[in-house]
Amino acid sequence: MGKTMPTEIALPERSGARLRLVAESDAELMRRWKNENRRFFFHKQEITPEQQLAWFRTYLTRPDDHNYAVEERLGSGYETVGLLACRLLQDTVDIYNVMRGKRTAPAVVSMGDTLKLFCSEIARFYSVPITCNVLKNNPAIGWYLRNGFVQRGDAPDHVVLRYNGNEVGTT
Ligand SMILES: CC(C)(COP(=O)(O)OP(=O)(O)OC[C@H]1O[C@@H](n2cnc3c(N)ncnc32)[C@H](O)[C@@H]1OP(=O)(O)O)[C@@H](O)C(=O)NCCC(=O)NCCS
């Protein structure tokens, strides 16, 4: 089954980067980065290669679930430096699997700018709020707030953030 959003999302030329829908060949890198960052995520158990592959194959069947590799230009090709994902839930698009896996020497890619462009692209396909649940012990909360998100909810262990970048002033 195909995905609703495009295989590739071009970013401004000066950013030297693009977003590419992940393929099964990315599954192992995604697993490694997810495990390395698991203290920041709700899922705390180490993911095994078998579990990752099973997840990936089910993920492919969900048309409104999109995992993108953030790619930085390297020579005549690209290298993956991060991940960004979104999935349609009941009445929101949930941002998840957000990670910088690699900081290259030139560090040309701003994950923050990339996130904002990603949210603008999501808004072209889905007309529901874009939200994100972030654990309260994650310093990334400040990063989301600096990049167009506002707090909309408060649970015991996490905050609910909502992207406000396309509708500044909306309460
Ligand atoms: C959240 C996360 C993706 C943000 O990545 P990031 O690389 O820090 O994000 P950015 O590229 O936007 O850079 C953030 C800041 O670092 C600075 N920076 C960028 N490259 C840098 C470098 N090479 N050296 C030092 N600082 C650098 C930027 O100037 C920016 O500053 P600003 O926020 O004042 O503008 C990253 O911290 C991460 O992977 N966290 C672990 C996983 C996680 O918690 N994900 C979210 C779960 S909800």
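Structural data are supplied above this passage.
Owing to the predicted nature of the structure, the values given are computational and were not obtained by experimental measurement.

Basis of the calculations
Residues numbered from 1 in each chain as written. Predicted model: local features only at pLDDT ≥ 70, side-chain atom pairs only at ≥ 80, totals over all residues. Core = buried A, V, L, I, M, F, W, Y, C linked by C-beta atoms within 7 Å. Buried ≥ 20, exposed ≤ 12 C-beta atoms within 10 Å, placed from the backbone. Helix = DSSP H or I, 4+ residues; strand = E, 2+ residues; numbered from the N terminus. Contact = placed C-beta atoms within 7 Å. Pairing = 2+ DSSP bridges. Axes fitted to C-alpha atoms, helices over the stretch in contact; angles between N-to-C directions.

> Could you clarify how one ought to interpret the nonpolar core in this entry?
Nonpolar side chains in soluble globular proteins tend to end up buried together. Leu19, Tyr68, Val70, Leu83, Leu84 and Phe118 are the most contacted members of the largest nonpolar core, which totals 31 residues. Secondary-structure elements contributing two or more residues to this core are strand E2 (17-21), strand E3 (65-74), strand E4 (77-88), strand E5 (93-100), helix H3 (111-125), strand E6 (130-135) and strand E8 (158-163). With six residues, the top contributor of residues to this core is H3. When sequence neighbours within four positions are dropped, the list of residues in contact with Leu19 reads Glu8, Ile9, Leu11, Tyr68, Val70, Leu84 and Phe118.

> Is there a simple way to explain the environment of Ser25 in this structure?
Considering the arrangement of structural elements, one finds Ser25 in the loop between E2 and helix H1 (27-36). C-beta crowding within 10 Å serves as the criterion here: with 7 such atoms nearby, Ser25 is assigned to the exposed category. Through-space distance from the C-alpha of Ser25 to that of Pro6 is 18 Å; in sequence the pair is 19 residues apart.

> For this particular structure, what's the right way to read the sheet that holds E8?
Note: strands within a sheet are paired through backbone hydrogen bonds, in either parallel or antiparallel orientation. In spatial order, the strands read E1-E2-E3-E4-E5-E6-E8-E7; together these eight strands make up an open sheet with mixed pairing. Each edge of the open sheet is held by one strand with a lone partner, namely strand E1 (8-10) and strand E7 (149-154). Across the sheet, the mean angle from the axis of one strand to that of its neighbour is 30°, orientation sign disregarded. Where E2 meets E3, five bridges bridge the pair, whose relative direction is antiparallel. Looking at the pairing, Arg18 lines up with Glu71 of E3.

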